[in-house]
Amino acid sequence: MLRSHLPKEEPAGDVTLSLMLHAPHPVVVANASEPGKVLLHLEIRNKTLQAWEGSTEAGPLLELVLLDAEGRERSRQTRQCRMLAYPTRLEPGRGFNLPLFFNLPGLSSSGEDFRVEVRLVPGREVLTGHLRVEPR
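These numbers were taken from a predicted model, which means no experiment stands behind them.

(A) Molecular detail of the overall build of the protein. Regarding its fold elements, the protein presents 0 helices and 11 strands. Secondary structure elements in the protein, listed N-terminal to C-terminal, are β-β-β-β-β-β-β-β-β-β-β. Across the 136 residues that make up the protein, the buried fraction comes to 40%. In the protein, the proportion of contacts linking residues at least 24 apart, taken out of those at least 6 apart, comes to 68%. Of the roughly 7700 Å² of accessible surface on the protein, 50% is carried by carbon and sulfur atoms.

(B) Representation of the pairing of strand E7 (residues 73–80) within the structure. When strand E6 (residues 61–67) meets E7, the two strands line up antiparallel, connected through 7 bridges. Each residue of the ladder has a partner; that of leucine 64, found in E7, is glutamine 77.

(C) Just the environment of valine 126, in detail. Looking at where valine 126 falls in the secondary structure, it is placed in strand E11 (residues 126–135). Taking C-alpha positions, valine 126 is 9.8 Å from glutamate 63, a pair spaced 63 residues apart along the chain.

(D) Expanded view of the packing of aromatic side chains. Within the structure shown, the criterion is met by 0 aromatic pairs. For lysine 37, the ring lying beneath its charged end belongs to phenylalanine 101, and the centroid distance is 5.5 Å.

(E) View of unusual backbone geometry. Here the bond from tyrosine 86 into proline 87 is cis, since omega is 15 degrees, no more than 30 degrees from zero. Residue proline 122 is bonded to the preceding valine 121 through a cis peptide linkage, with omega at 0 degrees. Residue placement: proline 122 occurs in the loop between strand E10 (112–121) and E11.

(F) Structural detail: the nonpolar core. Of all hydrophobic cores here, the largest spans 30 residues; its most connected members are Leu42, Leu62, Leu84, Phe102, Val118, Leu131 and Val133. Of all the secondary-structure elements, those providing two or more residues to this core are strand E2 (18–22), strand E3 (27–29), strand E4 (36–45), E6, strand E9 (95–104), E10 and E11.

(G) Structural view of the side chain of glutamate 63. In this fold, glutamate 63 is placed in strand E6. Take glutamate 63: its relative accessible area is 16%, and that puts it in the buried class. Reaching out from glutamate 63, the side chain makes a polar contact with the side chain of arginine 76 at a distance of 2.4 Å. Here arginine 119 takes part through its side chain, which lies 2.7 Å from a polar atom of the side chain of glutamate 63.

Rules behind the numbers
- Residues numbered from 1 in each chain as written.
- Predicted model: local features only at pLDDT ≥ 70, side-chain atom pairs only at ≥ 80, totals over all residues.
- Heavy atoms only, no water.
- Helix = DSSP H or I, 4+ residues; strand = E, 2+ residues; numbered from the N terminus.
- Buried < 20%, exposed > 50% of the residue type's maximum accessible area, 1.4 Å probe, protein only.
- Contact = heavy atoms within 4.5 Å.
- Areas by Shrake-Rupley, 256 points an atom, 1.4 Å probe, with all protein chains shown as cover.
- Pairing = 2+ DSSP bridges.
- Phe/Tyr/Trp six-rings, centres within 6.5 Å; stacked < 30°, edge-to-face > 60°.
- Lys NZ or Arg CZ within 6 Å of the ring centre and 35° of its normal.
- Core = buried A, V, L, I, M, F, W, Y, C linked by side-chain atoms within 4.5 Å.
- Polar contact = N/O pair within 3.5 Å; in protein donor to acceptor, adjacent residues only side chain to side chain.

Below, the structure is given as structure tokens:
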């Protein structure tokens, strides 16, 4: 399970969302040459004591990036989160799970480790962590 953090240089005065990525460890794919789609679940939750309110008409962009061990980008997904568009409001403790699919173009036959980066734009919400993907 990967949890979000706020960049230290940002002030903590406004209401931010908590991001948590739910994924098996390791993620198992059908085969190394054509891994296919991988399914992860992103939990978006308001863990503050104040209500969170959407600030954009179309909702923030959600960006998911997988970097390999050498730091090369292997997969990127960007999508609009319309469920967080204005006038959406998340009361304290409320949230939802969002399924995320990504494709890998190929994989080492022994599996690979990736660094995962997930962020909402606009916003300060950032999630980074480790993900292991192995073929059957």
